[in-house]
Amino acid sequence: MKVLHTSAELRSACDAARARGARVGVVPTMGALHAGHLALVREAKARGAEFLVVTIFVNPLQFGEGEDLDRYPRTLEADAAACAELGVDVVFAPDEMYPPGFQTHVALSGLTQGLEGDHRPGHFDGVTTIVTKLFNICCPCLAVFGRKDYQQWRLVERLALDLDIPVEVIAHPIVREADGLALSSRNRYLSESDRARALGIARGLAAAARAWGDGERHPERLASLARQPVEAGFDSVDYVAVVDPITLAVLADAQDDALVVVAAHVGGTRLIDNLWLGRDEPPAPSAI
Ligand code: AMP
């Protein structure tokens, strides 16, 4: 496995792989890899990536003022070792991705409004810009994203379609701890007591899933069941909502396809999570 640091090196490695007839796959990340990221790597291999690139870049463009850009965990050595073990071909860990004078952004409308888009202004423009750049450098056949960042996945899917980028965008379900906490690089910020309080999200999602299983379809009643444990455990709640899984519009009426989305702050750490009702395994019923 190679660890590459410049876009030019990455481009020529991917060009050479394609020239050999290999299907190029890419898994974009910000590093501090955990079992959730590694599941995406395995998924990429299972879905036919023959030359697999994991990108590790803490992208300043997608961090807002006052967010955790400076303290975001950076663990390149351990990340590279984990990737090597899984048969990744290239870890791409650039120091810089934006040339001097950089002034071009890729921005979507519609899907960027609401939820994360409302609470992190500019965040998604940073995401879609860096993802477009990575797609342009690697020209991958497939790319794997996690449903942990559900809105991000839908945006990337839309971006590829709208801009004729010939990449198959694959989404992997959320990987959780045994007690239901969704794995996140930011979980390492949590003290023991914050971590216990953070389980309010798993409890809320599980309560909504249980009600859904009992036939509840009213979006506000489902949202309220999910919200109570989150409000009990967290310092502040950005949103707990039941939305259309395709458009991400907040649902007003009962519908047979629904997604619960949550964002909340505990001990200075912002966590996001979601559950696709009726599709996803409810998080750890033992957490209830
Ligand atoms: P990040 O490094 O946080 O930018 O995440 C890189 C990719 O890993 C994104 O597509 C995330 O959605 C995905 N990811 C992060 N945590 C998880 C998780 N617990 N389960 C599944 N995918 C995840």
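Look above for the structure.
Described below are features of the structure shown in this document. Computed from a prediction, not measured in an experiment: that's the story for all the values here.

**Details of the environment of A44**
And then number 1: Checked against the element boundaries, A44 lands in helix α2 (residues 35-46).
And then number 2: What makes A44 buried here is its relative accessible area of 0%.
And then number 3: Taking the C-alpha atoms as reference points, A44 and Y72, separated by 28 residues in sequence, lie 25 Å from one another.
And then number 4: Apart from residues lying up to four places away in sequence, A44 is in contact with V27, A49, L52, L142 and V144.

**Here's the deal with the pattern of salt bridges**
And then number 1: Tallied over the full model, the rule gives 17 salt bridges.
And then number 2: The salt bridge involving D162 is made with R158; its shortest N-O contact spans 2.8 Å. One end of the pair is D162 and the other is R158, both in helix α6 (residues 150-162) and four residues apart, which spans about a single turn.
And then number 3: Classification of R158 as partly exposed rests on a relative accessible area of 38%.
And then number 4: Across the pair D179 and R195 runs a salt bridge, and its minimum N-O distance is 2.8 Å. With D179 in the loop between β6 (168-172) and α7 (192-213) and R195 in helix α7, this pair connects stretches of sequence that are 16 residues apart.
And then number 5: What makes R195 partly exposed here is its relative accessible area of 26%.
And then number 6: Each of the salt bridges in this network shares a partner with another, and the network as a whole consists of E43, R47 and E168.

**Notes on the layout of surface pockets**
And then number 1: Roughly 150 Å³ of internal volume is contained in the second largest pocket.
And then number 2: Lining of the second largest pocket is provided by 14 residues; of these, I56, V58, R74, L76 and A93 occupy positions nearest its centre.
And then number 3: Tallied by class, residues from the lining of the second largest pocket come to nine nonpolar, two polar and three charged.

**Section: the site of the ligand**
And then number 1: Looking at the ligand, there are 17 residues lining it, with H37, G146, D149, V175 and L183 nearest.
And then number 2: Within the side chain of H37, a nitrogen or oxygen atom sits 2.9 Å from an oxygen atom of the ligand.
And then number 3: A distance of 2.9 Å separates a nitrogen atom of the ligand from a polar atom in the backbone of V175.
And then number 4: Computed on the free molecule, the ligand has an accessible area of 490 Å², of which 93% lies beneath the protein chains in the complex.
And then number 5: Looking at the shell around the ligand, the elements that each hand over two or more residues are β2 (24-29), α2 and β5 (142-146).
And then number 6: Counted by class, the shell around the ligand contains nine nonpolar, six polar and two charged residues.

**Observations regarding the environment of A182**
And then number 1: Examined against the element boundaries, A182 turns out to sit in the loop between β6 and α7.
And then number 2: Taking the relative accessible area as the measure of exposure, A182 reaches 5% and is therefore buried.
And then number 3: Note: C-alpha distance between A182 and A198 (16 residues apart in sequence) is 9.7 Å.
And then number 4: For A182, the contacting residues outside a window of four places in its chain are K148, I174, V175, R176, N187 and D273.

Reading the values: the criteria
Residues numbered from 1 in each chain as written. Predicted model: local features only at pLDDT ≥ 70, side-chain atom pairs only at ≥ 80, totals over all residues. Heavy atoms only, no water. Helix = DSSP H or I, 4+ residues; strand = E, 2+ residues; numbered from the N terminus. Buried < 20%, exposed > 50% of the residue type's maximum accessible area, 1.4 Å probe, protein only. Contact = heavy atoms within 4.5 Å. Salt bridge = Lys/Arg side-chain N within 4 Å of Asp/Glu carboxyl O. 1 Å grid on protein atoms, 1.4 Å probe; cavity = no way out; pocket = protein on both sides within 12 Å on 5 of 7 lines; lining within 4 Å. Points joined across faces, edges and corners; volume = space filled by probe spheres on them. Nonpolar A, V, L, I, M, F, W, Y, C, P; charged D, E, K, R; others polar. Near = heavy atom within 4 Å. Polar contact = N/O pair within 3.5 Å; in protein donor to acceptor, adjacent residues only side chain to side chain. Areas by Shrake-Rupley, 256 points an atom, 1.4 Å probe, with all protein chains shown as cover.

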